[in-house]
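Summary of structural features
Listed below, chain by chain, are the residues.
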Amino acid sequence: MADRRPPSPRRGFTSDNASGVHPEVLARVAEANVGHAPSYGADSWTACAQDLLSAEFGAGSQTFLVFNGTGANVSALAAALRPYQAVICSADAHLHTDECGAPARLIGSTVIPVPAERGLLTPERLEAAMPPVGRGEHQVVPAVLSLTNASELGTVYRPAQVAELAAWARERGLLVHMDGARLANAAVSVGSSLAEVSTAAGVDILSFGGTKNGLLFGEAVVFAGSAGGVAAAQHYLHTRKQVTQLASKMRFLSAQFVALLTDGLWRRNAMAANSAASYLASSLSTVPGVEVLHPVQANAVFARMPPTMTARLADEFSFHTWDAAAGTVRFVCSFDTETTDIDHFITTARTLMTA
């Protein structure tokens, strides 16, 4: 009989979503797959995961597990926004560019994009983009500031920057949400804890990513112990269910977070991905005709390459064309990216440029 198994996919740099699952995570899932357990989060694995998450993100924080990043962002914002209210975010934010209008469809809320500097917002840029006041019920009301850490361009907010933006938001009566799909990479980049670059710096609501940091699937929505965080969490159990993010076999989501938050696995994975990206960037900068565009602070590298080179490399390697007109491509490294993967790519790129 013919072998019907799919061929082994090639390794590449398209996304950290393309990587495998860390063996320690799979081992925990296997442990959880013994016997029966109460459903919908009433199991011991979920209790353990919640305790670990609360310890990471501070006293009074409340955590809830969901399936994916868009679900985490939308359900978190649904807990904080009414349909006539708006969320302000970077024009590069996943919330604005890559969630298919989910906030508008599922919450009814408006997204106000703000031009950022290399993916990062500043109080000055936010102030310039705030809608004029005085039109009463005729305009949407900004209610949440959403930050992405690490940003979509691979740059990172330091704790002081988060605190400054949170203070700006507080002065205007806004809650602060953070899309932390790559929060682990951001924390490793600045040498901080997970809380120091999020909840401890003034973030009320956090989408904490696991999928991009070695999990099979799963994210956590964290409500800080702040007044805004506590208020938003009040009805989240029902919100999570309504937006289809409540897992019946929750123990398999939870077991993964137990693995991630035990023995520093989240940090080890993020460190490996960040280090690989730094090595890739430094190697790329030695290839004639290639320009690294943004500071490499997390696990993503943006570069400009000649179109013919991009096309030929794409025949053998996977990466993402970010802006075809500008010749910009994106490379993302994962916890399992190996030096040999990078060396093979660089050798091929050099050969193409000298041919």
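Refer to the structure presented above.
About the cut-offs
- Residues numbered from 1 in each chain as written.
- Predicted model: local features only at pLDDT ≥ 70, side-chain atom pairs only at ≥ 80, totals over all residues.
- Heavy atoms only, no water.
- Helix = DSSP H or I, 4+ residues; strand = E, 2+ residues; numbered from the N terminus.
- Rg over C-alpha atoms; globule rule 2.2 N^0.38 Å.
- Buried < 20%, exposed > 50% of the residue type's maximum accessible area, 1.4 Å probe, protein only.
- Areas by Shrake-Rupley, 256 points an atom, 1.4 Å probe, with all protein chains shown as cover.
- Lys, Arg positive; Asp, Glu negative; His and termini not counted.
- Charge placed at Lys NZ, Arg CZ, Asp CG, Glu CD.
- Pairing = 2+ DSSP bridges.
- Right-handed = clockwise from strand over helix to strand, strands pointing away.
- Contact = heavy atoms within 4.5 Å.
- Salt bridge = Lys/Arg side-chain N within 4 Å of Asp/Glu carboxyl O.

Turning to the overall build of the protein, a few remarks are in order. In terms of regular secondary structure, the protein is built from 14 helices and 11 strands. Radius of gyration (C-alpha) of the protein: 21 Å, near the 20 Å computed for a compact globule of 355 residues. Across its three principal directions, the C-alpha atoms of the protein cover 65 × 60 × 40 Å. Buried residues in the protein amount to 51% of all 355 residues. Carbon and sulfur atoms make up 55% of the accessible area of the protein, which totals about 15,800 Å². Of note, the protein has its 25 positive side-chain charges centred 5 Å away from the centre of its 30 negative side-chain charges.

Turning to the pairing of strand β2 (residues 85–90), a few remarks are in order. Buried residues dominate β2, accounting for 6 of its 6 residues. Where β2 lies against strand β4 (residues 141–148), 4 bridges are found, and the strand directions are parallel. By the bridge assignment, V87 is partnered in β4 with V144. When β2 meets strand β3 (residues 110–114), the two strands line up parallel, connected through 5 bridges. Among the inter-strand pairings, V87 is bridged to a residue of β3, identified as V111.

Across the 6 residues that make up strand β5 (residues 175–180), a large majority, 5, are buried. Two strands pair when backbone bridges link them, and β4 and β5 are joined in this way by 5 bridges, in the parallel orientation. Bridge pairing in β5 places L145 opposite V176. Tracing the backbone out of β4, into helix α7 (residues 159–171) and back to the parallel element β5 gives a crossover that is right-handed. The pairing of β5 with strand β6 (residues 205–209) spans 4 bridges and is classified as parallel. Looking at the pairing, G180 lines up with F208 of β6. In terms of handedness, the path from β5 via helix α8 (residues 183–190) over to β6 forms a crossover that is right-handed.

Burial of α8 is extensive: 7 of the 8 residues sit out of reach of the surface. Listing the buried residues of α8 in full gives L183, A184, N185, A186, A187, V188 and V190. In this structure, the buried residues of α8 make contact with α2 (44–57), α7, β5, β6 and α12 (265–284).

A few words on the pattern of salt bridges. As enumerated under the stated definition, the model contains 6 salt bridges in all. The shortest N-O distance in the salt bridge between E24 and R268 comes to 3.2 Å. Taken together, the residues E24 in helix α1 (residues 23–32) and R268 in helix α12 connect sequence positions 244 residues apart. The class for E24 is partly exposed, based on a relative accessible area of 32%. In this structure, D204 engages R170 in a salt bridge whose closest nitrogen and oxygen atoms are separated by 3.1 Å. Of this pair, D204 sits in the loop between α8 and β6 while R170 is found in helix α7, placing the two residues 34 residues apart along the sequence. Under the relative-accessibility criterion, D204 is labelled buried at 1%. Using a relative accessible area of 39% as the deciding quantity, one classes R170 as partly exposed.

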